[in-house]
Every structure is written in C-alpha cells, then in structure tokens.
Amino acid sequence: MELIQHNPDLSAYLAADEVIDHDHPLVRKTAAELASSAADSYVYARLAFEFVRDTIPHSQDSGDPRVTWRASDVLEQRTGICYAKAHALAALLRAEDIPTALCYQKFDVLHGLVAVRFNGAWHRQDPRGNKPGVDARFSLEGERLAFTPDPESGELDHPLLYAEPHPAVLGALRAARDRQHLRQTLPSAL
C-alpha cells in the first residue's frame, strides 16, 4: 500500500500542537532520557516505540477507565488506548526531529497507529501494546503491526498520513466520560 501525506509539507509532521505536545516538559524529559542511550535516530525511534508499547498499558487491556488523548497526559497517567499511545509516540519522535504521522486502520472501529519517515520513506508502527495474539515490533524492513485487516470483511488500511489527529477521533476522545463511553462513540470510518 502506498502511504500518502495528507499535508504535502513535511514540516507539519514535526509540529507540536495541543495533542502532540512535544514541547511539554514531561515529553521533553522523557525524550531526553531515551535519547541518552541511543546511538542514532533509528535506535532512538525503536527505543521510543518500545517505551510506549511496553510501559504504557493499553487501557482496554488493563481495565483502566481513564481516557487520555494529549501526549503529555498519556505519559503522566501511563494509560491510553491506541490513539492516545500513538499521540504519545508521535510526540516523543517529533521531540527528536523525526517526522511522524498519525494513521488509521478500519476494523469494527478505527485503530490508530503512527508512521515514521526514515530514508525518504514512511514506515508504519503500532505502539498499541502486545498481548497474546498481538506481537507488534518496530521495523523499517516490513510492517510488524498489531493487526492485519481482512478486506473481505470490510476491514482496511487507510493510506492517508495525518499531521494531526483526525477530527472524528479527537472529538470522540475529548467527549468521552470514560473508556466505556468512548467505546460506544468511537468512529468506525473516516
């Protein structure tokens, strides 16, 4: 699948905003700690991916009712669903000048992940968190995502790469009282 930048300006995929707040002190501190043991940007990207995947539980898996959506809140509260974890990873990567996009897959609801730009190409990564049956890995040598859509069941990979969260996703996250309410209001399409 060819990944397509929604915004042709690559600098948009480095920007900070209210959601991907990589200018926040906690995001900067976390990025600096991860970068201190990274030999290069590729190693840093893998460490940031593994940090988000492995140290921030997916709230559905852990049973945490809280809904986070801002990257700094995800890092502070150590919880989030796929979208929130993607926001946290995007912030950590952008904090170290690695262009990072948000992207989506369609299942019964949308699933959020990121794409990183290395060597002139975009590479999707899924920091959702592993569990039995899910083994996502950081890779620039072919995708190792949490889930593979089944087109015959109406599932699909959306090819657009967004610099900011899709408005339907962000609206659902912001309006959710808790994870149970969010589950009932998650968008199923873009």
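Residues numbered from 1 in each chain as written. Predicted model: local features only at pLDDT ≥ 70, side-chain atom pairs only at ≥ 80, totals over all residues. Heavy atoms only, no water.

K.L.:
Before we go on, may I ask you to explain the pairing of strand β3 (residues 110-118) in this structure?
P.N.:
In regular strands, side chains alternate between the two faces of the sheet. Counting buried positions along β3 gives eight out of nine residues, so the element sits mostly inside the fold. Sheet topology note: the strand β2 (residues 100-106)/β3 ladder contains seven bridges and is antiparallel. By the bridge assignment for β3, Ala101 is matched with Ala115. The sheet contact formed by β3 and strand β4 (residues 121-125) spans five bridges and is antiparallel. Within β4, the residue paired with Val116 across the bridge is His123. From the end of β3 to the start of β4, which pair antiparallel, there are two residues, and Asn119 there has a positive phi angle of about 50°. (Buried < 20%, exposed > 50% of the residue type's maximum accessible area, 1.4 Å probe, protein only. Helix = DSSP H or I, 4+ residues; strand = E, 2+ residues; numbered from the N terminus. Pairing = 2+ DSSP bridges.)

K.L.:
In this structure, what is going on with the layout of surface pockets? I would like to understand it.
P.N.:
Sizing a probe to match a water molecule and rolling it over the atoms shows the empty space that remains. One number sums up the size of the largest pocket: a volume of about 390 Å³. Secondary structure elements with two or more residues in the lining of the largest pocket: α5 (82-95), β3 and α7 (179-185). Examining the composition of the lining of the largest pocket, we find that three residues originate from one element, α7, more than from any other. For the lining of the largest pocket, the class distribution of residues is nine nonpolar, three polar and five charged. Here the second largest pocket is characterised by a volume of approximately 230 Å³. Along the wall of the second largest pocket there are 16 residues; nearest its centre are Asp17, Tyr162, Ala163, Glu164 and Pro165. For the lining of the second largest pocket, the element with the most residues is helix α6 (residues 167-175), which contributes three residues. In terms of residue class, the lining of the second largest pocket is made up of eight nonpolar, three polar and five charged. (1 Å grid on protein atoms, 1.4 Å probe; cavity = no way out; pocket = protein on both sides within 12 Å on 5 of 7 lines; lining within 4 Å. Points joined across faces, edges and corners; volume = space filled by probe spheres on them. Nonpolar A, V, L, I, M, F, W, Y, C, P; charged D, E, K, R; others polar.)

K.L.:
Looking at this structure, I do not really get α5. What am I missing?
P.N.:
Two residues of an α-helix separated by three or four positions point the same way, owing to the 3.6 residues in each turn. The end-to-end C-alpha distance of α5 is 20 Å, a good match for the 20 Å that 14 residues give at a rise of 1.5 Å each. Taking burial as the measure, the 14 residues of α5 include 14 buried ones, the bulk of the element. The first or second residue beyond α5 is Asp97, which carries a positive phi of 60°. (Expected span 1.5 Å × (residues − 1).)

K.L.:
Just checking my understanding: could you explain the pattern of salt bridges for this structure?
P.N.:
Opposite charge on two side chains permits pairing when their charged atoms draw close. As enumerated under the stated definition, the model contains 14 salt bridges in all. Across the salt bridge formed by Arg46 and Glu50, the nearest N and O atoms sit 3.2 Å from each other. With a gap of four residues between them, Arg46 and Glu50 both fall in helix α2 (residues 41-55), about one helical turn apart. Where Asp73 meets Arg70, a salt bridge forms, and the shortest distance between an N and an O atom there is 3.1 Å. With a relative accessible area of 22%, Arg70 lands in the partly exposed category. Three or more residues joined by partner-sharing salt bridges are found here, namely Glu18, Arg70, Asp73 and Arg174. (Salt bridge = Lys/Arg side-chain N within 4 Å of Asp/Glu carboxyl O.)

Read these as spatial facts, not as claims about activity.
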